[in-house]
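Residue-level structure breakdown
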Amino acid sequence: MTEITMDELLKWIISVDRRLILMEYMNKHKVANASDIAHENNRSTQNISRALKELEDMGLIECLTPTKTTWKKYMLTDKGKTVMDKMEGKYI
């Protein structure tokens, strides 16, 4: 698998609004779970859970409670923080 560039990663995030919503939320909160994000943004928990999985697969967030099946907690990784720095003022 080839390494994705920062520009490609930014385009990937902003191409789907749930990803952008999630990144903005994660930037404002140190730790988050799907139901809190969904409630605050008038989205379904399923919609947000899908975005969490997508961002986790890209290494932008990490699950702090991977052994749990529900109420998992997530936080930005260093890569996710770098992406947020690049997005600041340009996309958010």
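Conventions adopted
Residues numbered from 1 in each chain as written. Predicted model: local features only at pLDDT ≥ 70, side-chain atom pairs only at ≥ 80, totals over all residues. Heavy atoms only, no water. Axes fitted to C-alpha atoms, helices over the stretch in contact; angles between N-to-C directions. Helix = DSSP H or I, 4+ residues; strand = E, 2+ residues; numbered from the N terminus. Parallel < 35°, antiparallel > 145°, perpendicular 65-115°, else oblique. Contact = heavy atoms within 4.5 Å. Nonpolar A, V, L, I, M, F, W, Y, C, P; charged D, E, K, R; others polar.

Two elements in contact, helix α2 (residues 17-28) and helix α5 (residues 78-87), have axes separated by 11 Å at closest approach and are oriented at 105°. Between α2 and α5, the angle is such that the two are roughly perpendicular. Mapping the contact onto sequence places Leu20, Met23, Glu24 and Asn27 in α2 and Gly80, Val83, Met84 and Met87 in α5. Residues that form the contact of α2 with α5 fall into these classes: 5 nonpolar, 2 polar and 1 charged.

The phi angle at Asn42 is positive, at roughly 55°, despite the residue not being glycine. Assignment of secondary structure puts Asn42 in the loop between α3 (34-40) and α4 (45-57). If you check the backbone angles, Trp71 has positive phi at about 55° while not being a glycine. Here Trp71 is to be found in the loop between β1 (61-63) and β2 (74-76).

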